[in-house]
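This is what each chain is made of:
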Amino acid sequence: MTDAEFRSGFVCFVGRPNTGKSTLTNAMVGQKIAITSSRPQTTRHTIRGIVHREHAQLILVDTPGLHRPRTLLGQRLNDLVRDTYSEVDVIALCIPADEKIGPGDRWILTQIRQMAPKTTLLGVVTKIDKVSRDQVAQQLVALSELLGPEADVVPVSAAKGEQVEVLVDVIASKMPEGPAFYPDGELTDEPEETLMAELIREAALEGVRDELPHSLAVVIEEVLPREGDAGQDDSSPEMLDVHALLYVERPSQKAIVIGKGGARLKEVGTNARKQIEHILGTRIYLHLHVKVAKDWQRDPKQLGKLGF
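Within every chain, residues take consecutive numbers counted from 1 along the sequence as written. Restriction of local features to residues with pLDDT of at least 70 applies here, the model being predicted, together with a cutoff of 80 or more for giving and counting side-chain atom pairs; totals for whole chains, interfaces and linings are based on all residues. The side-chain values count all of the structure's non-hydrogen atoms but skip hydrogen atoms and water molecules.

Enquirer: Help me out: how do you make sense of the overall build of the protein chain in this one?
Expert: Only runs of H or I of at least four residues qualify as helices and only runs of E of at least two qualify as strands under DSSP, and these elements are numbered from the N terminus. On a plain count of helices and strands, the protein chain comes out with nine helices and nine strands. Under the convention used here, a 1.4 Å probe and the Shrake-Rupley method define accessible areas, while residue burial counts only the protein chains that appear. Surface summary for the protein chain: the accessible area is close to 15000 Å², and the carbon and sulfur share equals 49%.

Right under this line is the structure:
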């Protein structure tokens with residue numbers, strides 16, 4: 001294959017919350033880099049997953065979901081999405097096979113067409129393992145009609161790995177010819193601290209009531225090599241001490257995160273630690289502390305402090 005035939009570019013998965021965008025990102029990259037949760041607005045950073053194939057390199061930009069903003073944080077997240085839409089080569093609209101296309105999907109499509117009229121649009125029917133073949137076929141037709149005849153539509157199940165490679169090939173075919181942006185083997189350009197914070201946040205959101213998701217922010221305070229615990233060649237620390245602060249908006253939320261006798265926070269720490277160790281390839285000791293930052297989502301100064 002000549003270099004001229006190699007294709008590379010940026011793709012963004014969009015759709016309502018819980019349409020399988022982050023799961024798809026992880027399936028295509030081959031490792032967990034985007035946090036997944038059944039809660040709206042789980043993703044807050046544009047995590048770039050990098051998909052390496054012999055004929056192409058795709059950089060997956062995982063944005064927060066586009067929504068009608070109710071807070072300053074919501075507005076800033078929308079601005080982030082807007083900037084992303086205009087800079088990618090392909091936008092893939094994700095619709096789950098087990099839910100009818102609704103007003104929310106149409107609103108998102110209208111926004112995309114306004115913000116990025118020249119960007120190539122693609123349809124993805126996700127979660128095809130959850131319904132019958134007939135239902136998948138019906139959803140493919142419905143999405144085709146929504147997007148118009150010029151847009152390709154691909155059915156996938158990221159959870160089962162079905163059709164993931166077909167989707168990779170379809171997206172690659174729409175990318176411009178050009179060299180790879182990242183060296184082989186690199187999976188994301190997101191700083192390790194950001195990944196750690198997102199994984200802690202995901203663990204903290206697991207199985208809690210709806211009042212928490214928007215109100216939870218995680219900041220990594222410091223990452224230090226564990227004293228006196230260096231590897232045998234003294235160059236690579238065997239264990240890292242990671243200090244993280246979990247910010248909530250109200251004392252009642254703090255109680256939810258910590259749980260009875262600290263049980264819930266301990267569980268959050270255990271789950272997040274496993275995920276972080278898997279990604280970093282090193283043992284870590286996680287120190288978690290919960291703080292109340294009153295109404296931080298509406299306060300420009302606090303938003304800045306928390307990295308938004």
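There is more to say after this.
Enquirer: Help me out: how do you make sense of the sheet that holds strand E9 (residues 283-292) in this one?
Expert: Pairing between the strands of a sheet is mediated by backbone hydrogen bonds and can be parallel or antiparallel. We call two strands paired when DSSP finds no fewer than two bridges between them. Here we have three strands laid out as an open sheet, ordered E7-E8-E9, and mixed in their pairing. Every other strand in the sheet has two partners, leaving strand E7 (217-225) and E9 as the edge strands with one partner each. Here the average twist between neighbouring strands, direction ignored, is 20 degrees. Where E7 and strand E8 (residues 239-248) come together, eight bridges link them in antiparallel fashion. Note on definitions: angles span 0 to 180 degrees between N-to-C directions of axes, and those axes are lines fitted to C-alpha atoms, for helices only across the stretch in contact.

Enquirer: What am I meant to see in the packing of aromatic side chains here?
Expert: Any aromatic ring pair is given by two values, namely how distant the centres are and how the planes are angled relative to each other. Only Phe, Tyr and Trp rings take part, Trp by its six-membered ring, and two of them pair if their centres are within 6.5 Å. Stacked means planes under 30 degrees apart, edge-to-face means over 60, and tilted covers everything else. What the rule picks out here adds up to one aromatic pair. Consider the rings of Phe10 and Phe181, whose centres lie 5.0 Å apart with planes at 65 degrees: the pair is edge-to-face. With a gap of 171 residues between them, Phe10 in strand E1 (residues 7-14) and Phe181 in the loop between helix H5 (164-173) and helix H6 (192-205) connect regions that are remote in the sequence. Accessible area is worked out with a 1.4 Å probe on protein chains only. A residue is then buried under 20% of its type maximum, exposed over 50%, and partly exposed in between. Given a relative accessible area of 18%, Phe10 falls into the buried group. A relative accessible area of 47% places Phe181 in the partly exposed class.

Enquirer: Can you help me understand the packing of helix H1 (residues 21-29) against H5 in this one?
Expert: When two helices pack together, their arrangement is given by the angle between the helix axes and the distance between those axes. Between H1 and H5, the shortest axis-to-axis distance is 10 Å and the interhelical angle comes to 90 degrees. By the angle class used here, H1 and H5 are roughly perpendicular. Only Val164, Leu167, Val168 and Ile171 of H5 make contact with H1, whose side of the interface consists of Leu24, Ala27 and Met28. For this scheme, ten residues count as nonpolar: Ala, Val, Leu, Ile, Met, Phe, Trp, Tyr, Cys and Pro. Four count as charged, namely Asp, Glu, Lys and Arg, and the remainder, Gly too, count as polar. Of the residues in the contact of H1 with H5, the class split is seven nonpolar, no polar and no charged. Any angle that is under 35 degrees is reported as roughly parallel, and any over 145 degrees as roughly antiparallel; angles of 65 to 115 degrees are reported as roughly perpendicular and all others as oblique. Should any heavy atoms of two residues lie within 4.5 Å, those residues are counted as being in contact.

Enquirer: Explanation requested: the pairing of strand E4 (residues 90-96) in the structure shown.
Expert: Each regular strand shows side chains that alternate between the opposite faces of the sheet. Among the seven residues in E4, seven count as buried, and that is most of the element. What you see with E4 is no split at all: Val90, Ala92, Cys94 and Pro96 on one side and Ile91, Leu93 and Ile95 on the other are buried throughout. The pairing of E1 with E4 spans four bridges and is parallel. Within E4, the residue paired with Val14 across the bridge is Leu93. Strand direction decides the pairing type here: E4 and strand E5 (residues 120-126), joined by seven bridges, are parallel. Directly across from Pro96, in E5, lies its bridge partner Thr126. Place the viewer so that the strands point away; then a crossover is right-handed whenever the path from the first strand over the helix to the second strand goes clockwise. As for the winding sense of the linkage, the β-α-β connection from E4 through helix H3 (residues 103-115) to E5 is right-handed.

Enquirer: Which parts of the structure should I look at to understand the side chain of Thr126?
Expert: Checked against the element boundaries, Thr126 lands in strand E5. Definition of a polar contact: a pair of N or O atoms within 3.5 Å, with one able to donate and the other able to accept a hydrogen when the atoms are protein atoms, and with sequence-neighbouring residues admitted only if both atoms are side-chain atoms. At 2.8 Å, the side chain of Thr126 forms a polar contact with the backbone oxygen of Thr19. Excluding anything up to four places from it in sequence, Thr126 contacts Thr19, Leu24, Cys94, Ile95, Pro96, Ala97 and Val156.

Enquirer: So what exactly am I meant to see when it comes to the nonpolar core here?
Expert: Soluble globular proteins tend to pack their nonpolar side chains together in the buried interior. Among the buried residues, those of types Ala, Val, Leu, Ile, Met, Phe, Trp, Tyr and Cys that are joined through side-chain atoms within 4.5 Å form a nonpolar core. Core analysis: the biggest nonpolar cluster contains 30 residues, and Val14, Tyr85, Ile91, Leu93, Ile112, Leu143 and Leu147 have the highest contact counts within it. At the level of elements, E1, strand E3 (56-62), helix H2 (72-87), E4, H3, E5 and helix H4 (133-147) are the ones that each hand at least two residues to this core. Per-element tally for this core: the top contributor is H3, with five residues. Discounting chain neighbours no more than four positions away, the residues touching Leu93 are Val14, Gly15, Ile108, Leu109, Leu122, Gly123, Val124, Leu143, Leu146 and Leu147.

Enquirer: Looking at this structure, I do not really get the pattern of salt bridges. What am I missing?
Expert: One speaks of a salt bridge when a side-chain nitrogen belonging to Lys or Arg is within 4 Å of a carboxyl oxygen belonging to Asp or Glu. Taken as a whole and judged by the stated rule, the model has seven salt bridges. As a salt-bridge pair, Arg7 and Glu177 come within 3.7 Å of each other at their nearest N and O atoms. Separated by 170 residues along the polypeptide, Arg7 in strand E1 and Glu177 in the loop between H5 and H6 bring together distant segments of the chain. Exposure remark for Arg7: the relative accessible area of 26% places this residue in the partly exposed category.

Enquirer: Can you walk me through the environment of Val61 in this structure?
Expert: Among the secondary structure elements, Val61 is positioned in strand E3. Spatially, the C-alpha atom of Val61 lies 8.2 Å from that of Val88, the residues being 27 residues apart in sequence.

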